[in-house]
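Residue-level structure breakdown
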Protein chains: 2
Amino acid sequence: GSPQPALPDDGVPRLYSMRFCPYAERAHLVLNAKKVPHHSIYINLTEKPEWLVEVSPLLKVPALHLVGEKSQPSLIESVIIVEYLDEKYPQHPLLPKDPLQRAQDKILVERFNAVTGAFMKLVLQGGDGADLWPAVDIFEKELEQRGTPYFSGEKPGFVDYMIWPWFERLCVADYFFKGRSSFDKQRYVKISAWLELITKDEVVQSHYATPEQHLVYWKTREAGNTNYDLLA
Amino acid sequence: GSPQPALPDDGVPRLYSMRFCPYAERAHLVLNAKKVPHHSIYINLTEKPEWLVEVSPLLKVPALHLVGEKSQPSLIESVIIVEYLDEKYPQHPLLPKDPLQRAQDKILVERFNAVTGAFMKLVLQGGDGADLWPAVDIFEKELEQRGTPYFSGEKPGFVDYMIWPWFERLCVADYFFKGRSSFDKQRYVKISAWLELITKDEVVQSHYATPEQHLVYWKTREAGNTNYDLLA
């Protein structure tokens, strides 16, 4: 793998990321929402650099290296990183303050794993992707029950930014469905309205790739020649 | 499955549990640590009751039904339940207040999934269990680095109660190893000292099963005739 890039000794947090990783995107969105200065280092996950283990023991992204803190710890796991940032940087708060609402939002993000799992199964193993839409149904119903434009209310918050990266990649699901199934605007009336709004959100736009860019990335990946540098 | 038990209309939280489930044990320990009054309802996970879906949409335990709250929500996922209880009931605080330390403790509990995964693989699928002890090594090293008797300092806290249930079941691992491998007190000097201490902790003793009881449970499970009622 590549040598470790030289970065200024400025105490600024370093986000180890991959430009097309939806989990890493969660961390980018929250750092940008809170306007936390940081360096982004994009990793080639096919040929992982040897030094990555120093900042990410399981060799995963995202990893947030807090070089300004004592003993320079590194955080892993997207949701833990995001909760840390929300506690550390109170501006643009994302999680509700009420313990019960916090728990309910965290459960909702946990239940989104059924969507991410179905998505990955579809794009990596093929199959009919039959488990994807039933998992999305839960979020349509939740948005209807909450009765607000965003999952977090009148503005995007924790749930919105945690699940958005997979909706940004809907075109990828469509490509791998190969015409068999598709995002149905009749079935997802509330999510469709949410997508209209959140696509224009300035935080989302701060780390946005177009459907075409995502498709090019996934086609290089499908061809066994993943291009990590498309937007780097 | 069994009919839903009649419970008093007292607004007291209801913990849906299984007496030998290590994840449910996490919730029991924290409710007991904080002396939160609650009802415990033990579920037969082989013949799940039809009404379980109302309190646990994925039919998992633990589920904490908050009947005293508006719209009577139910929480799932052991770590989310525990974080909720720690925020809602400030007595006997479990997680550190500092955001960075909180994140580091949550990452440690997340990394414990390598232990729980190796444990379940060993007891359900057999094999040589070779991935169990390397996963435990991380916790020996962490305890040494922290230099305190418990992971959370001078008293047991979040990390201690989250990982203890699997250490309570060490005899089960030994049984399924069938003599091939075993917990090594030389390799785990720090964890051995921690085990001596935490086994005597009054919270741990409040929801404790002996090695013999765990073994009887797992032998009935191995025989395809799981006895859920041993301690109910």
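The preceding data block contains the structure.
Treat the numbers as computed from the prediction; the structure is a model and nothing was measured.

Broken down by element type, chain A carries 11 helices and 4 strands. Its C-alpha atoms give chain A a radius of gyration of 18 Å, near enough to 17 Å, the size a compact globule of 232 residues would have. Counting only C-alpha atoms, chain A reaches 50 × 45 × 25 Å along its principal axes. Counting across all 232 residues of chain A, residues that qualify as buried make up 51%. Relative to all contacts within chain A whose residues are 6 or more apart in sequence, the contacts with residues 24 or more apart total 68%. As displayed, chain A offers around 10,600 Å² of accessible surface, 51% of which is attributable to carbon and sulfur atoms.

A few words on the packing of aromatic side chains. Residues and elements named next belong to chain A. Overall, the coordinates contain 34 aromatic pairs over all chains when judged by the stated rule. Relative to F151, the ring of F139 has its centre 6.1 Å away and its plane inclined at 70°; by these criteria the two rings are edge-to-face. Of this pair, F139 sits in helix α6 (residues 132–146) while F151 sits in the loop between α6 and α7 (158–168); the two residues are 12 residues apart in sequence, bridging distant segments of the chain. Aromatic pair F151 and W194: ring centres 5.5 Å apart, planes at 80°, arrangement edge-to-face. Here W194 lies in helix α9 (residues 189–199) and F151 lies in the loop between α6 and α7, a separation of 43 residues in the sequence. Given a relative accessible area of 1%, W194 falls into the buried group. Here a set of aromatic residues connected by ring pairs shows up, and it is made of Y23, F112, F139, F151, W166, F167 and W194.

Conventions used here
- Residues numbered from 1 in each chain as written.
- Chains lettered and ligands numbered in written order.
- Predicted model: local features only at pLDDT ≥ 70, side-chain atom pairs only at ≥ 80, totals over all residues.
- Heavy atoms only, no water.
- Helix = DSSP H or I, 4+ residues; strand = E, 2+ residues; numbered from the N terminus.
- Rg over C-alpha atoms; globule rule 2.2 N^0.38 Å.
- Buried < 20%, exposed > 50% of the residue type's maximum accessible area, 1.4 Å probe, protein only.
- Contact = heavy atoms within 4.5 Å.
- Areas by Shrake-Rupley, 256 points an atom, 1.4 Å probe, with all protein chains shown as cover.
- Phe/Tyr/Trp six-rings, centres within 6.5 Å; stacked < 30°, edge-to-face > 60°.

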